[in-house]
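The chain contents come next:
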Amino acid sequence: MGQAAAAQISANDGALSAKRGAILTGASEIFLNVGYGAASMDAIAQAAGVSKQTVYAHFGAKDTLFEAIIQQKCDDLLAPASAMEEDYRDVAVVLRDIAERFINAILSPENMRLFRAIVGESTRFPELAEAFYRAGPRKAADGLAAYLEAVNERRELCVANPKRSAELFFAMLRNDLYMRRVLGIDRSFDQNEAAPLVDQLLDCPPIALAETKASILECAGLVISDERAAELARPH
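Residues numbered from 1 in each chain as written. Predicted model: local features only at pLDDT ≥ 70, side-chain atom pairs only at ≥ 80, totals over all residues. Heavy atoms only, no water.

As for the packing of aromatic side chains
Between two aromatic rings, the relevant description is the distance of the centres plus the angle of the planes. The following threshold applies: Centres within 6.5 Å are what make two rings of Phe, Tyr or Trp a pair, Trp counting through its six-membered ring; a difference in plane orientation under 30 degrees is then read as stacked, over 60 as edge-to-face, and the rest as tilted. Secondary structure follows DSSP: runs of H or I at least 4 residues long count as helices, runs of E at least 2 residues long count as strands, and numbering of each begins at the N terminus. To sort residues, take the accessible area from a 1.4 Å probe on protein chains only and compare it with the maximum for the residue type: under 20% means buried, over 50% means exposed, and anything in between is partly exposed. Placement of a charge over a ring requires the Lys NZ or Arg CZ to be within 6 Å of the ring centre, with the centre-to-atom vector within 35 degrees of the ring normal.
Enumeration according to the criterion identifies eight aromatic pairs in this entry. Taking the centre distance of 6.4 Å and the plane angle of 55° together, the rings of phenylalanine 115 and tyrosine 178 count as tilted. Here phenylalanine 115, found in helix α7 (residues 109-121), pairs with tyrosine 178, found in helix α11 (residues 176-183); they are 63 residues apart in sequence, far enough to count as distant. Among the residues examined, phenylalanine 115 registers a relative accessible area of 25% and is labelled partly exposed. According to the relative accessible area criterion, tyrosine 178 is buried, its value standing at 14%. Here a set of aromatic residues connected by ring pairs shows up, and it is made of Phe31, Tyr36, Phe66 and Phe125. The ring of tyrosine 36 is capped by lysine 62, whose NZ or CZ atom sits 4.7 Å from the centre of that ring.

Details of unusual backbone geometry
With a phi angle near 65°, arginine 155 is a residue other than glycine that sits in the positive phi range. As for its placement among the helices and strands, arginine 155 is situated in the loop between α9 (137-153) and β1 (157-159).

Let's talk about empty space enclosed by the protein
So the rule is basically this: Cavity: a set of points on a 1 Å grid over the protein atoms alone where a 1.4 Å probe fits but cannot get out. Pocket: an open set with protein on both sides within 12 Å along at least five of seven lines, its lining residues, like those of a cavity, having an atom within 4 Å of a point. Grid points are joined across faces, edges and corners, and a volume is the space filled by probe spheres set on the points. For this classification, Asp, Glu, Lys and Arg are treated as charged, while Ala, Val, Leu, Ile, Met, Phe, Trp, Tyr, Cys and Pro are nonpolar and the rest, including Gly, are polar.
For the structure on display, the rule yields three cavities of 30 Å³ or more. Here the second largest cavity defines a volume of roughly 40 Å³. If you trace the second largest cavity, you find it lined by Phe31, Tyr36, Phe66, Leu114, Ala117, Ile118 and Leu128. Of the residues in the lining of the second largest cavity, the class split is seven nonpolar, no polar and no charged.

Quick notes on the layout of surface pockets
One number sums up the size of the largest pocket: a volume of about 530 Å³. Together, 25 residues line the largest pocket, and Phe102, Ile106, Phe132, Gly136 and Pro137 are the ones closest to its centre. Of all the elements in the fold, those that place two or more residues in the lining of the largest pocket are α4 (62-77), α6 (91-107), α7, α8 (126-135), α9 and α10 (162-173). When grouped by side-chain class, the residues that make up the lining of the largest pocket number 19 nonpolar, two polar and four charged.

Description of helix α2 (residues 41-48)
Spelled out, the test is: Directions are taken from the helix axis to each C-beta atom, and the arc is the one they span.
All of the buried residues along α2 are Met41, Ile44, Ala45 and Ala48. Along the axis of α2, the buried residues cluster in a sector spanning 100°; they form a single face. Positioned one or two residues after α2, glycine 49 has a phi angle of 75°, which is positive.

Structural notes on the environment of arginine 101
With respect to the secondary-structure elements, arginine 101 resides in helix α6. Here the alpha-carbon distance between arginine 101 and aspartate 76, two residues 25 residues apart in the chain, equals 8.4 Å.

Observations concerning α10
Here is the rule we go by: Multiplying 1.5 Å by the helix residue count minus one yields the expected span of that helix.
The first and last C-alpha atoms of α10 sit 17 Å apart over twelve residues, in line with the 16 Å expected at 1.5 Å per residue. Residues Pro162, Ser165, Ala166, Phe169, Phe170 and Leu173 constitute the buried set of α10. One side of α10 holds all its buried residues, which, seen down the axis, span an arc of 130°.

Things to note about the environment of isoleucine 44
The cut-off we apply is this: Whether two residues touch is decided by their heavy atoms; if any such pair falls within 4.5 Å, the residues are in contact.
With respect to the element layout, isoleucine 44 can be found in helix α2. What makes isoleucine 44 buried here is its relative accessible area of 0%. Sequence separation between isoleucine 44 and valine 55 is eleven residues, and the spatial gap between their C-alpha atoms is 8.0 Å. Once you skip the residues sitting within four places of it in the chain, isoleucine 44 turns out to touch Ile23, Ala27, Ile30, Phe31, Val55 and Leu65.

Focus: the pattern of salt bridges
Stated formally: The rule for a salt bridge is simple: a side-chain nitrogen of Lys or Arg has to be within 4 Å of a carboxyl oxygen of Asp or Glu.
Taken as a whole, this structure holds eight salt bridges when the rule is applied. With a shortest N-O distance of 3.3 Å, aspartate 97 and arginine 101 are connected by a salt bridge. Residue aspartate 97 and its partner arginine 101 are both found in helix α6; the two are separated by four residues, about one turn of the helix. A relative accessible area of 26% places aspartate 97 in the partly exposed class. With a shortest N-O distance of 3.1 Å, glutamate 121 and arginine 124 are connected by a salt bridge. Residue class for glutamate 121 comes out buried when judged on its relative accessible area of 10%. In this structure arginine 124 comes out as exposed when scored by relative accessible area, which is 60%.

What to know about a nonpolar patch on the surface
What counts, and what does not: Residues enter patches when their relative accessible area tops 30% and they take part in no salt bridge; the joining distance is 9 Å for like charges and 5 Å for the nonpolar side chains Val, Leu, Ile, Met, Phe, Trp and Tyr. All accessible areas in this document rest on Shrake-Rupley with a 1.4 Å probe, and a residue is counted as covered only by the protein chains that are shown.
A cluster of nonpolar side chains, contributed by Met179, Leu183 and Ile185, occupies part of the molecular surface with about 330 Å² of accessible area. Secondary-structure assignment places isoleucine 185 in the loop between α11 and α12 (194-203). Judged by relative accessible area, which is 59%, isoleucine 185 ranks as exposed.

In structure tokens form, the structure reads like this:
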């Protein structure tokens, strides 16, 4: 393949990616403004600055488009675990990064509005709730479980049940502030609050593991391996 042809393919891929991003952004705005039931493909196309045919070409149906929005958010959340597979960063660093991203994600005004909209319309549109769970909570837990299984195989952590540990990890992060935000009692949230919240959760008993840095998942059923504990205990 010549350089000109390769450059053209690259340009076409970039245009398709830009259109897809515009559709996802436009659809998010429409869903939040009018709700899932009232959102039309015409309105989404107009908000995205593309034709309705282009929206259908990329996603096919409204529920598929909605699921893609949630999946994109989930992919952003689990980016630290994906990076870990490439550069072998310390497990504790990766998990803390995921925890901070998760808290920022669930407490952001946009995502909070989206979650309330899903709950409000899930009775009329059960496929909406199913798509959200499949592309969001379920995918996040499964992605973290896969990462935990990998670090278990490398003997960095001893993980008896990666799936359950991942579910408990995220469950612990849904703290009282999250419930207050869902109910509208606490309406403000500063992203700078995420790190202290993670510190409070991960450093308080029974999560702390003596002198090691491996406290992050004890409450989720994880035990540090002897090899990893010895390494973490050594002065650096």
